[in-house]
Amino acid sequence: MDILIIMGIGIFIGLKFFPDKYKKKNEKMQMVCTILIIFSMGVMLGRRENFLQEITSLGLTSFLYFFIPTLFSILIVYLLTRLFMKNKSKEKEG
Amino acid sequence: MVLLTVIALLLGIAYGLSGIDITIINFIAEHTHYILYLLMFLVGISIGLHRGLIQKIKEYHVKIFIIPFGIIIGSLLGGIVCSFMTGISMNTSTAMASGLGWYSLSGVMISEFAGVSFGSITFLSSLMREIFSFISIPFIAKYFNFPTCIAPAGATSEDTTLPMLIRYTNEETVVLSVINGILCSAAVPILINLCYQIF
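Residue positions are given per chain, counted from 1 along the sequence in the order it is written. Naming scheme: in the order in which they are written, chains are lettered from A and ligands are numbered from 1. Selection of residues for local features in this predicted model requires a pLDDT of at least 70, selection of side-chain atom pairs for listing and counting requires 80 or more, and totals for whole chains, interfaces and linings are taken over all residues. In computing side-chain values, all of the structure's heavy atoms are included and hydrogens and water are not.

**What about the overall build of chain B?**
Rule in force here: Secondary structure elements follow DSSP: runs of H or I no shorter than four residues count as helices, runs of E no shorter than two count as strands, and numbering proceeds from the N terminus. Throughout, radius of gyration means the C-alpha value; the globule benchmark is 2.2 Å times the number of residues raised to the power 0.38.
What chain B contains, in helices and strands, is eleven helices and zero strands. Going from the N terminus to the C terminus, chain B shows its helices and strands as α-α-α-α-α-α-α-α-α-α-α. Scaling as 2.2 N^0.38, a compact globule of 199 residues should have a C-alpha radius of gyration of about 16 Å, and chain B matches this with 18 Å. Seen along its three principal axes, the alpha-carbon backbone of chain B occupies a region of about 55 × 35 × 30 Å.

What follows is the structure, encoded as C-alpha coordinates:
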(Lines give C-alpha, C1' and ligand atoms only; values in the text may rest on other atoms or scores of the structure.)
Protein backbone atom coordinates (compact mmCIF):
# COMPACT_ATOMS: atom_id res chain seq x y z
CA MET A 1 0.00 0.00 0.00
CA ASP A 2 2.88 2.43 0.72
CA ILE A 3 3.90 2.11 -2.96
CA LEU A 4 0.46 3.39 -4.06
CA ILE A 5 0.62 6.30 -1.59
CA ILE A 6 4.05 7.29 -2.92
CA MET A 7 2.77 7.08 -6.52
CA GLY A 8 -0.27 9.17 -5.52
CA ILE A 9 2.02 11.87 -4.10
CA GLY A 10 3.99 11.75 -7.37
CA ILE A 11 0.80 12.16 -9.45
CA PHE A 12 -0.24 15.17 -7.33
CA ILE A 13 3.19 16.80 -7.69
CA GLY A 14 3.24 16.03 -11.45
CA LEU A 15 -0.22 17.54 -11.89
CA LYS A 16 0.26 20.66 -9.75
CA PHE A 17 3.92 21.61 -9.35
CA PHE A 18 6.33 19.68 -11.58
CA PRO A 19 7.73 21.84 -14.43
CA ASP A 20 7.37 20.32 -17.93
CA LYS A 21 11.02 21.21 -18.72
CA TYR A 22 12.18 18.49 -16.33
CA LYS A 23 10.03 15.79 -17.97
CA LYS A 24 13.00 14.27 -19.83
CA LYS A 25 15.17 14.32 -16.69
CA ASN A 26 12.37 12.56 -14.81
CA GLU A 27 12.26 9.86 -17.52
CA LYS A 28 16.05 9.45 -17.37
CA MET A 29 15.90 9.08 -13.59
CA GLN A 30 13.21 6.41 -14.01
CA MET A 31 15.52 4.58 -16.40
CA VAL A 32 18.44 4.75 -13.93
CA CYS A 33 16.23 3.44 -11.10
CA THR A 34 14.91 0.65 -13.33
CA ILE A 35 18.41 -0.41 -14.39
CA LEU A 36 19.62 -0.40 -10.76
CA ILE A 37 16.63 -2.46 -9.60
CA ILE A 38 17.01 -4.98 -12.41
CA PHE A 39 20.75 -5.25 -11.79
CA SER A 40 20.01 -5.89 -8.11
CA MET A 41 17.44 -8.51 -9.10
CA GLY A 42 20.17 -10.20 -11.16
CA VAL A 43 22.57 -10.09 -8.17
CA MET A 44 19.96 -11.74 -5.90
CA LEU A 45 19.25 -14.37 -8.57
CA GLY A 46 22.93 -15.11 -9.18
CA ARG A 47 23.52 -15.61 -5.45
CA ARG A 48 20.85 -18.31 -5.24
CA GLU A 49 22.08 -21.85 -4.84
CA ASN A 50 21.29 -24.05 -7.87
CA PHE A 51 20.37 -20.93 -9.86
CA LEU A 52 21.64 -22.31 -13.16
CA GLN A 53 19.51 -25.44 -12.75
CA GLU A 54 16.45 -23.35 -11.89
CA ILE A 55 16.72 -21.13 -14.97
CA THR A 56 15.36 -23.88 -17.26
CA SER A 57 12.13 -24.20 -15.31
CA LEU A 58 11.89 -20.40 -14.91
CA GLY A 59 12.08 -20.05 -18.70
CA LEU A 60 9.18 -22.44 -19.35
CA THR A 61 7.00 -20.94 -16.62
CA SER A 62 7.81 -17.43 -17.87
CA PHE A 63 6.70 -18.45 -21.36
CA LEU A 64 3.35 -19.69 -19.95
CA TYR A 65 2.88 -16.44 -18.00
CA PHE A 66 3.58 -14.43 -21.13
CA PHE A 67 1.63 -16.49 -23.67
CA ILE A 68 -1.67 -17.28 -21.93
CA PRO A 69 -2.47 -13.82 -20.45
CA THR A 70 -1.44 -12.13 -23.73
CA LEU A 71 -3.59 -14.51 -25.81
CA PHE A 72 -6.60 -13.95 -23.53
CA SER A 73 -6.07 -10.17 -23.69
CA ILE A 74 -6.03 -10.23 -27.50
CA LEU A 75 -9.17 -12.38 -27.75
CA ILE A 76 -11.18 -10.35 -25.21
CA VAL A 77 -10.14 -6.97 -26.66
CA TYR A 78 -10.99 -8.25 -30.16
CA LEU A 79 -14.47 -9.39 -29.03
CA LEU A 80 -15.12 -6.12 -27.13
CA THR A 81 -13.99 -3.91 -30.02
CA ARG A 82 -16.12 -5.94 -32.47
CA LEU A 83 -19.13 -5.41 -30.20
CA PHE A 84 -18.65 -1.78 -29.14
CA MET A 85 -16.35 -0.10 -31.69
CA LYS A 86 -17.78 -1.62 -34.87
CA ASN A 87 -17.07 1.04 -37.47
CA LYS A 88 -13.96 2.48 -35.89
CA SER A 89 -10.30 2.20 -36.73
CA LYS A 90 -10.47 -0.29 -39.55
CA GLU A 91 -8.58 1.65 -42.20
CA LYS A 92 -5.32 3.54 -42.06
CA GLU A 93 -5.88 7.24 -42.68
CA GLY A 94 -3.77 9.25 -45.13
CA MET B 1 15.76 0.18 -23.18
CA VAL B 2 15.02 -3.55 -23.55
CA LEU B 3 18.67 -4.22 -24.40
CA LEU B 4 19.91 -2.12 -21.45
CA THR B 5 17.71 -3.95 -18.97
CA VAL B 6 18.73 -7.36 -20.30
CA ILE B 7 22.41 -6.34 -20.00
CA ALA B 8 21.77 -5.07 -16.42
CA LEU B 9 20.09 -8.36 -15.50
CA LEU B 10 22.91 -10.46 -17.01
CA LEU B 11 25.61 -8.33 -15.33
CA GLY B 12 23.79 -8.69 -12.01
CA ILE B 13 23.56 -12.47 -12.41
CA ALA B 14 27.26 -12.64 -13.35
CA TYR B 15 28.18 -10.60 -10.26
CA GLY B 16 26.00 -12.78 -8.04
CA LEU B 17 27.45 -16.00 -9.44
CA SER B 18 31.06 -14.74 -9.20
CA GLY B 19 31.01 -14.49 -5.41
CA ILE B 20 32.85 -11.12 -5.55
CA ASP B 21 31.99 -8.68 -2.72
CA ILE B 22 31.88 -4.97 -3.56
CA THR B 23 30.38 -2.96 -0.68
CA ILE B 24 28.47 -0.36 -2.73
CA ILE B 25 26.90 -3.04 -5.00
CA ASN B 26 25.93 -5.14 -1.99
CA PHE B 27 24.37 -2.07 -0.35
CA ILE B 28 22.31 -1.26 -3.48
CA ALA B 29 21.22 -4.90 -3.92
CA GLU B 30 20.06 -5.10 -0.30
CA HIS B 31 18.12 -1.79 -0.35
CA THR B 32 16.21 -2.01 -3.65
CA HIS B 33 12.90 -1.16 -1.97
CA TYR B 34 14.10 2.44 -1.51
CA ILE B 35 14.95 2.64 -5.21
CA LEU B 36 11.49 1.20 -5.96
CA TYR B 37 9.89 3.94 -3.84
CA LEU B 38 11.81 6.57 -5.79
CA LEU B 39 10.80 4.90 -9.08
CA MET B 40 7.12 4.88 -8.09
CA PHE B 41 7.32 8.56 -7.12
CA LEU B 42 8.85 9.43 -10.53
CA VAL B 43 6.28 7.26 -12.38
CA GLY B 44 3.55 9.14 -10.49
CA ILE B 45 5.01 12.46 -11.70
CA SER B 46 4.95 11.16 -15.29
CA ILE B 47 1.28 10.22 -14.96
CA GLY B 48 0.51 13.61 -13.37
CA LEU B 49 2.25 15.41 -16.26
CA HIS B 50 -0.36 14.08 -18.73
CA ARG B 51 -2.58 17.08 -18.00
CA GLY B 52 -4.86 16.60 -21.04
CA LEU B 53 -5.85 13.13 -19.90
CA ILE B 54 -9.20 14.09 -18.36
CA GLN B 55 -10.24 16.07 -21.49
CA LYS B 56 -9.32 13.14 -23.77
CA ILE B 57 -11.26 10.70 -21.60
CA LYS B 58 -14.32 12.99 -21.89
CA GLU B 59 -14.03 12.99 -25.70
CA TYR B 60 -13.99 9.23 -25.97
CA HIS B 61 -16.58 8.66 -23.22
CA VAL B 62 -16.80 5.12 -21.90
CA LYS B 63 -15.17 3.66 -25.04
CA ILE B 64 -11.80 4.73 -23.67
CA PHE B 65 -12.06 1.98 -21.04
CA ILE B 66 -12.98 -0.89 -23.41
CA ILE B 67 -9.40 -1.71 -24.40
CA PRO B 68 -7.69 -1.48 -20.96
CA PHE B 69 -10.68 -3.35 -19.46
CA GLY B 70 -10.25 -6.17 -22.00
CA ILE B 71 -6.47 -6.27 -21.47
CA ILE B 72 -6.82 -6.44 -17.67
CA ILE B 73 -9.63 -9.04 -17.68
CA GLY B 74 -7.78 -11.15 -20.27
CA SER B 75 -4.53 -11.01 -18.31
CA LEU B 76 -6.24 -11.90 -15.02
CA LEU B 77 -8.07 -14.85 -16.66
CA GLY B 78 -4.71 -15.92 -18.08
CA GLY B 79 -3.23 -15.73 -14.57
CA ILE B 80 -6.03 -17.93 -13.22
CA VAL B 81 -5.46 -20.51 -16.00
CA CYS B 82 -1.69 -20.41 -15.37
CA SER B 83 -2.30 -21.02 -11.66
CA PHE B 84 -4.07 -24.31 -12.46
CA MET B 85 -1.37 -25.28 -14.95
CA THR B 86 1.66 -24.53 -12.78
CA GLY B 87 0.34 -25.06 -9.24
CA ILE B 88 1.47 -21.54 -8.23
CA SER B 89 -0.96 -20.02 -5.71
CA MET B 90 -3.85 -17.99 -7.16
CA ASN B 91 -2.81 -14.69 -5.53
CA THR B 92 0.79 -14.91 -6.76
CA SER B 93 -0.30 -16.14 -10.19
CA THR B 94 -2.84 -13.36 -10.83
CA ALA B 95 -0.42 -10.76 -9.43
CA MET B 96 2.26 -12.05 -11.84
CA ALA B 97 -0.15 -11.84 -14.78
CA SER B 98 -1.04 -8.25 -13.76
CA GLY B 99 2.29 -6.91 -15.02
CA LEU B 100 0.65 -6.17 -18.41
CA GLY B 101 4.06 -6.09 -20.10
CA TRP B 102 5.64 -3.56 -17.71
CA TYR B 103 8.59 -5.83 -17.02
CA SER B 104 10.67 -3.57 -14.79
CA LEU B 105 8.04 -2.52 -12.28
CA SER B 106 6.07 -5.78 -12.16
CA GLY B 107 9.20 -7.90 -11.76
CA VAL B 108 10.44 -5.73 -8.92
CA MET B 109 7.07 -5.59 -7.15
CA ILE B 110 6.56 -9.37 -7.34
CA SER B 111 10.11 -9.86 -6.03
CA GLU B 112 9.19 -7.75 -3.01
CA PHE B 113 5.92 -9.62 -2.40
CA ALA B 114 6.62 -13.22 -3.39
CA GLY B 115 10.39 -13.59 -3.70
CA VAL B 116 13.07 -13.28 -6.36
CA SER B 117 12.11 -16.45 -8.31
CA PHE B 118 8.54 -15.27 -8.94
CA GLY B 119 9.85 -11.76 -9.62
CA SER B 120 12.17 -13.18 -12.27
CA ILE B 121 9.36 -15.17 -13.90
CA THR B 122 7.26 -11.99 -13.99
CA PHE B 123 10.17 -10.01 -15.42
CA LEU B 124 10.88 -12.57 -18.14
CA SER B 125 7.20 -13.09 -19.06
CA SER B 126 6.60 -9.33 -19.31
CA LEU B 127 9.74 -8.95 -21.40
CA MET B 128 8.49 -11.74 -23.71
CA ARG B 129 5.13 -9.93 -23.96
CA GLU B 130 6.86 -6.74 -25.10
CA ILE B 131 9.00 -8.55 -27.67
CA PHE B 132 5.93 -10.47 -28.89
CA SER B 133 4.09 -7.14 -29.32
CA PHE B 134 6.71 -5.92 -31.79
CA ILE B 135 6.27 -9.09 -33.84
CA SER B 136 2.48 -9.46 -33.58
CA ILE B 137 1.24 -5.86 -34.14
CA PRO B 138 1.58 -6.00 -37.97
CA PHE B 139 -0.17 -9.41 -38.03
CA ILE B 140 -3.04 -8.29 -35.74
CA ALA B 141 -3.49 -5.06 -37.76
CA LYS B 142 -3.88 -7.15 -40.91
CA TYR B 143 -6.08 -10.00 -39.69
CA PHE B 144 -8.00 -8.59 -36.66
CA ASN B 145 -8.54 -4.81 -36.24
CA PHE B 146 -6.48 -1.79 -35.24
CA PRO B 147 -7.62 -1.41 -31.57
CA THR B 148 -6.75 -5.09 -30.93
CA CYS B 149 -3.10 -4.23 -31.78
CA ILE B 150 -2.99 -2.47 -28.38
CA ALA B 151 -3.86 -5.70 -26.51
CA PRO B 152 -0.46 -7.46 -26.53
CA ALA B 153 1.31 -4.15 -25.81
CA GLY B 154 -0.62 -3.67 -22.55
CA ALA B 155 1.01 -1.03 -20.36
CA THR B 156 3.80 -0.43 -22.90
CA SER B 157 1.39 0.96 -25.54
CA GLU B 158 2.28 4.54 -24.55
CA ASP B 159 6.06 4.18 -24.90
CA THR B 160 8.16 1.29 -26.19
CA THR B 161 5.59 -0.35 -28.50
CA LEU B 162 4.06 2.99 -29.62
CA PRO B 163 6.32 3.32 -32.71
CA MET B 164 4.96 -0.01 -34.02
CA LEU B 165 1.38 1.12 -33.36
CA ILE B 166 2.06 4.42 -35.19
CA ARG B 167 3.52 2.49 -38.13
CA TYR B 168 0.80 -0.14 -38.51
CA THR B 169 -2.45 1.51 -37.27
CA ASN B 170 -4.08 4.96 -37.60
CA GLU B 171 -4.18 8.23 -35.62
CA GLU B 172 -7.27 7.32 -33.61
CA THR B 173 -5.72 4.04 -32.51
CA VAL B 174 -2.50 5.85 -31.56
CA VAL B 175 -4.44 8.22 -29.27
CA LEU B 176 -6.29 5.23 -27.80
CA SER B 177 -3.00 3.40 -27.29
CA VAL B 178 -1.42 6.34 -25.43
CA ILE B 179 -4.43 6.63 -23.12
CA ASN B 180 -4.52 2.84 -22.72
CA GLY B 181 -0.83 2.86 -21.74
CA ILE B 182 -1.42 5.55 -19.11
CA LEU B 183 -4.47 3.74 -17.67
CA CYS B 184 -2.77 0.32 -17.70
CA SER B 185 0.44 1.77 -16.19
CA ALA B 186 -1.58 3.32 -13.38
CA ALA B 187 -3.46 0.03 -12.94
CA VAL B 188 -0.40 -2.28 -12.75
CA PRO B 189 0.74 -1.46 -9.16
CA ILE B 190 -2.88 -1.38 -7.96
CA LEU B 191 -3.67 -4.74 -9.61
CA ILE B 192 -0.54 -6.43 -8.27
CA ASN B 193 -1.33 -5.19 -4.76
CA LEU B 194 -5.00 -6.16 -4.93
CA CYS B 195 -4.46 -9.57 -6.55
CA TYR B 196 -1.79 -10.49 -4.04
CA GLN B 197 -4.03 -9.54 -1.11
CA ILE B 198 -7.49 -10.62 -2.35
CA PHE B 199 -7.09 -13.96 -4.19
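**Some words on the interface of chain A and chain B**
Where we set the bar: Should any heavy atoms of two residues lie within 4.5 Å, those residues are counted as being in contact. For any pair of parts, buried area is found by adding up, for both, the accessible area (1.4 Å probe) each one loses once the two are put together. Any Lys or Arg side-chain nitrogen found within 4 Å of a carboxyl oxygen on Asp or Glu counts as a salt bridge. When residues are grouped by polarity, Ala, Val, Leu, Ile, Met, Phe, Trp, Tyr, Cys and Pro land in nonpolar, Asp, Glu, Lys and Arg in charged, and all others, Gly among them, in polar.
The partner chain B presents 93 residues to the 66 residues of chain A that form the contact. When chain A packs against chain B, the two sides together hide about 7,400 Å² of surface, and 76% of this comes from carbon and sulfur. At the junction of chain A with chain B, the criterion picks out zero salt bridges. For the side of chain A that touches chain B, the secondary-structure elements that each account for two or more residues are α1 (2-16), α2 (23-47) and α3 (51-84) of chain A. Of all the elements, α3(A) adds the most residues to the side of chain A that touches chain B, at 24 residues. Broken down by class, the residue content of the side of chain A that touches chain B amounts to 39 nonpolar, 15 polar and twelve charged.

**Considering helix α8 (residues 116-143) of chain B**
Basically, it comes down to this: One fewer than the residue count of a helix, multiplied by 1.5 Å, yields its expected span. Bend, in this description, refers to the angle at a residue between axes fitted to the seven residues ending there and the seven starting there.
Its 28 residues place the ends of α8(B) 39 Å apart at the C-alpha level, agreeing with the 40 Å of an ideal helix rising 1.5 Å per residue. Where α8(B) bends most, the angle comes to about 45°, and this point is B:Ser136, followed within four residues by the proline B:Pro138.

**A word on the UniProt feature "transmembrane region" (unreviewed entry) in chain A**
Where we set the bar: UniProt positions are given in the numbering used here, feature names are shortened, and annotations may be inferred rather than shown by experiment.
Listed under "transmembrane region" (unreviewed entry) in the UniProt record, and renumbered for this structure, are residues 29-46 and 58-80 of chain A. End C-alpha to end C-alpha, residues 58-80 of chain A measures 33 Å, and it is 100% helix and 0% strand.

**Points about the pattern of salt bridges**
Residues and elements named next belong to chain A. This is how it is decided: Under the scheme applied here, a residue whose accessible area is under 20% of the maximum for its type counts as buried, over 50% as exposed, and between as partly exposed, the area being computed with a 1.4 Å probe on protein chains only.
Counted under the stated rule, the structure contains one salt bridge over all chains. With a closest N to O distance of 3.8 Å, Glu27 and Lys24 form a salt bridge. Residue Glu27 and its partner Lys24 are located together in helix α2, separated by three residues, close to a single helical turn. Relative accessible area serves as the criterion here: at 34%, Glu27 is assigned to the partly exposed category.

**Quick look at the UniProt feature "transmembrane region" (unreviewed entry) in chain B**
The UniProt record marks residues 34-53, 65-88, 100-124, 131-154 and 174-196 of chain B with the feature "transmembrane region" (unreviewed entry), using the residue numbering of this structure. As a span, residues 131-154 of chain B carries 71% helix and 0% strand, and end to end its C-alpha atoms are 12 Å apart.

**Some points on the confidence of the model for chain B**
For clarity, the threshold we go by: Values of pLDDT, ranging from 0 to 100, describe the predictor's confidence in every residue of the model.
Scored by pLDDT, chain B has a mean of 87; 95% of the residues are at 70 or more. For this predicted complex, the interface confidence reaches an ipTM of 0.79, while the overall pTM sits at 0.73.

**Brief notes about the layout of surface pockets**
Quick note on the threshold: A cavity here means a set of 1 Å grid points, computed over protein atoms only, where a 1.4 Å probe fits but cannot escape. A pocket is an open set with protein on both sides within 12 Å along at least 5 of 7 lines, and lining residues have an atom within 4 Å of a point. Grid points are joined across faces, edges and corners, and a volume is the space filled by probe spheres set on the points.
Approximately 690 Å³ is the volume found for the largest pocket. Along the walls of the largest pocket sit 26 residues, with A:Glu27, A:Gln30, B:Trp102, B:Glu158 and B:Asp159 positioned nearest its centre. Sorting the residues of the lining of the largest pocket by element identifies α2 of chain A together with α3 (32-49), α7 (103-114) and α11 (171-198) of chain B as the ones contributing at least two each. Counting residues per element, the lining of the largest pocket draws most heavily on α2(A), at six residues. Residue classes in the lining of the largest pocket are distributed as ten nonpolar, ten polar and six charged.

**Quick look at the nonpolar core**
Rule in force here: Side-chain atoms within 4.5 Å link the members of a nonpolar core, which is a set of buried Ala, Val, Leu, Ile, Met, Phe, Trp, Tyr and Cys residues.
Core analysis: the largest hydrophobic core is formed by 72 residues, its most contacted members being B:Leu36, B:Ile71, B:Leu100 and B:Leu105. Examining the composition of this core, we find that nine residues originate from one element, α11(B), more than from any other. Setting aside residues up to four positions removed in sequence, B:Leu36 forms contacts with A:Ile3, A:Ile37, B:Leu105, B:Val108, B:Met109 and B:Glu112.

**Here's the deal with the packing of α2(A) against α3(B)**
This is how the line gets drawn: A fitted line through C-alpha atoms serves as each axis, taken over the contacting stretch for helices, and the angle formed by two N-to-C directions is quoted from 0 to 180°. What sets the label is the angle itself: under 35 degrees gives roughly parallel, over 145 gives roughly antiparallel, 65 to 115 gives roughly perpendicular, and the rest give oblique. Note: crossing handedness is left-handed where the near helix turns anticlockwise from the far helix by less than a right angle, and right-handed where it turns clockwise.
Axis separation between α2(A) and α3(B) bottoms out at 9 Å; the angle between their running directions is 150°. Between α2(A) and α3(B), the interaxial angle falls into the category roughly antiparallel. For the pair α2(A) and α3(B), the sense of crossing is left-handed. Residue-level inspection shows A:Lys23, A:Asn26, A:Met29, A:Gln30, A:Cys33, A:Thr34, A:Leu36, A:Ile37 and A:Ser40 of α2(A) in contact with α3(B), the latter providing B:Thr32, B:Ile35, B:Leu36, B:Leu38, B:Leu39, B:Leu42, B:Val43, B:Ile45, B:Ser46 and B:Leu49. Of the residues contributing to the contact of α2(A) with α3(B), the split by class is twelve nonpolar, six polar and one charged.

**Here we look at empty space enclosed by the protein**
On inspection of all chains with the given rule, the structure shows one cavity of 30 Å³ or more. The computed volume of the largest cavity comes to approximately 60 Å³. Lining the largest cavity we find A:Tyr65, A:Phe66, A:Pro69, B:Met96, B:Ala97, B:Gly99, B:Leu100, B:Gly101, B:Ser125, B:Ser126 and B:Arg129. Elements represented by at least two residues in the lining of the largest cavity include exactly α3 of chain A together with α6 (90-97) and α8 of chain B. Here the lining of the largest cavity is built from residues that sort into six nonpolar, four polar and one charged.

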